[in-house]
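Residue-level listing of the chains:
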Amino acid sequence: MSSREIRTAFVLGAGLGTRLKSLTARRPKPLIPVANRPLITYAFDHLLGVGVERFVINTHWRSEAYAHTFPQPLYRGAALAFRDEQPAVLETAGGIWNVRDLLGSGAFIVYNGDILSDLPLETALRAHRDGGNEVTMVLRSHGGPLQVAFDAASGRVTDIGDRVDAAAGPRFLFSGIYIVNGEFIARIPAATKVSVVPIFCEMIRAGAKLGGVVIDEGHWWDLGSREHYLAVHHDLARQQTAPWIDGSAQVASDAQITGASAIGVGATVGAGASLKDCLVWDGAAVAPGAQLESCIVTTGARAEGTHRDLDFA
């Protein structure tokens, strides 16, 4: 298997996004805008770069928003296949089992839909191939909770969250990206709500080939909180031209838009308004004279007055 023979990816899009509170009241977390683009499209672009041609996406909370965002089941020529999980989210392993017919029998990449990353995934694909792994977890040495023990000499994961061997080490961050061979699906109990973590732990105990690869190059962000959501825009502004103002937005000529701000499709910003490090979603409105800093104005909401660190939903 060459590093570019994996053509299918399973992108997890069914999470509830509860940590973002009002920001995910009307849309799933993978569809929140980042620099005026749905977060999940960054995952798609990342995966297209390593040869993926087909995306399978599970949905649950506000699943109809996916059809609105992707009215045709295509993204940059790649096929999109959605499957809704009802009445309850099946978690990661259950979600994989639920789309097993869409994934086929070959290897695939699993990618958490609420992260943003540009890690060099070719490195992970080579490690998966060369290690003969059944599953290969993409790890980092920093950037979040360090819960995965990895033995570089063998290339194997030896513990996750102290469930198998609390004395194992050193510890790494699990990026939420992993490469999976088709036979792994047989390990998942049918029609069951279950995470991959206990199944991975059983693989460790059984001596199965649960591999890992540490990739500290590139960027990785978890958009799990409002603070992280705003912070990723600051990081992107160091790489791109900010603020991001969509061509269809109506921004008064004397309005001041500064910092890591984004003004979305069809949004309006009134005369004399001042926005610093603010995110104004598609169809949102900022009243004339409003003075906002580090605020988020969601779709259909209107912001007015002077505020800092406030969400309008």
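All figures in this text were calculated on a predicted structure; none of them were measured in a lab.

### Considering the overall build of the chain
If you tally the helices and strands in the chain, you get seven helices and 27 strands. By its C-alpha atoms, the chain is 65 × 40 × 35 Å across when sized along the principal axes. Counting all 313 residues of the chain, 52% fall into the buried class. Partitioning the contacts of the chain with sequence separation of at least 6, the portion at a separation of at least 24 is 58%. As displayed, the chain has an accessible area near 13100 Å², and 51% of this comes from carbon and sulfur atoms. If the 28 positive side-chain charges of the chain are averaged to one point and the 32 negative ones to another, these points end up 2 Å apart.

### Regarding the sheet that holds strand β20 (residues 274-276)
The strand order across the open sheet formed by four strands is β17-β20-β23-β26, and the pairing between neighbours is parallel. At either margin of the open sheet sits one strand with a lone partner, and together these are β17 (256-258) and β26 (306-308). The sheet shows a mean angle of 0° between the axes of neighbouring strands, taken without regard to direction. By the bridge criterion, three bridges tie β20 to strand β23 (residues 291-293) in an arrangement that is parallel. Within β23, the residue paired with Ser274 across the bridge is Gln291.

### Quick look at unusual backbone geometry
Cis geometry marks the peptide bond from Gly169 to Pro170; its omega dihedral reads -5°. Locating Pro170 in the fold gives a position in the loop between β11 (156-160) and β12 (171-180). One non-glycine residue, Arg62, lies in the positive phi region at around 50°. As for its position among the elements, Arg62 is in the loop between β4 (54-59) and α2 (64-69). You can call Arg62 partly exposed: its relative accessible area is 32%.

### Here we look at the pairing of β4
Within β4, five of the six residues are buried, which leaves the element mostly enclosed by the surrounding structure. Relative to β4, strand β1 (residues 8-12) runs parallel, the two being bridged by five bridges. In the sheet register, Phe10 faces β4, and the bridge partner there is Val56. Pairing analysis gives six bridges linking β4 to strand β6 (residues 78-84), with the strands arranged parallel. Along β6, the bridge assignment pairs Asn58 with Arg83.

### Some remarks on helix α3 (residues 91-98)
The buried count for α3 comes to six of eight residues, which makes it a mostly enclosed element. Every buried residue of α3 is listed here: Ala93, Gly94, Gly95, Ile96, Trp97 and Asn98.

### Observations regarding the layout of surface pockets
Volume-wise, the largest pocket comes out at about 1000 Å³. Along the walls of the largest pocket sit 36 residues, with Leu12, Arg19, Thr92, Asn112 and Asp114 positioned nearest its centre. Contributions of two or more residues to the lining of the largest pocket are made by α3, β12, α6 (196-206) and β14 (220-222). With five residues, the single largest contributor to the lining of the largest pocket is β12. The class makeup of the residues in the lining of the largest pocket is 15 nonpolar, 14 polar and seven charged. Within this model, the second largest pocket holds a volume of roughly 530 Å³. In terms of lining residues, the second largest pocket is bounded by 28 residues, among which Arg27, Leu31, Pro33, Asp282 and Thr299 are the most central. For the lining of the second largest pocket, the element with the most residues is α2, which contributes four residues.

Conventions and cut-offs
- Chains are numbered independently. Their residues run from 1 in the order of the written sequence.
- Residue-level local features of this predicted model are given only where pLDDT is at least 70; pairs of side-chain atoms are given and counted only at 80 or more, and the full residue set underlies all totals for whole chains, interfaces and linings.
- Working from all heavy atoms in the structure, the side-chain values ignore hydrogens and water.
- Numbering of helices and strands runs from the N terminus; a helix is a DSSP stretch of H or I covering at least four residues, while a strand is a stretch of E covering at least two.
- Note on classification: 1.4 Å probe, protein chains only; a residue is buried when its accessible area is under 20% of the maximum for its type, exposed when over 50%, partly exposed between these limits.
- We call two residues contacting when some pair of their heavy atoms lies within 4.5 Å.
- All accessibility values rest on the Shrake-Rupley procedure with a 1.4 Å probe; residue burial counts only the protein chains present in the view.
- The charge count treats Lys and Arg as positive and Asp and Glu as negative. His and the chain ends do not count.
- Charge positions are represented by NZ for Lys, CZ for Arg, CG for Asp and CD for Glu.
- Pairing between strands is defined by DSSP: at least two bridges between the two strands are required.
- Axis definition: a line fitted to C-alpha atoms, over the contacting stretch in the case of helices. Angles run 0 to 180 degrees between N-to-C directions.
- With a 1 Å grid spanning the protein atoms alone, the term cavity applies to any set of points in which a 1.4 Å probe fits but cannot get out, the term pocket to an open set with protein on both sides within 12 Å along at least five of seven lines, and the term lining residue to any residue with an atom within 4 Å of a point.
- Grid points are joined across faces, edges and corners, and a volume is the space filled by probe spheres set on the points.
- When residues are sorted by character, Ala, Val, Leu, Ile, Met, Phe, Trp, Tyr, Cys and Pro go into the nonpolar class, Asp, Glu, Lys and Arg into the charged class, and all the rest, Gly among them, into the polar class.

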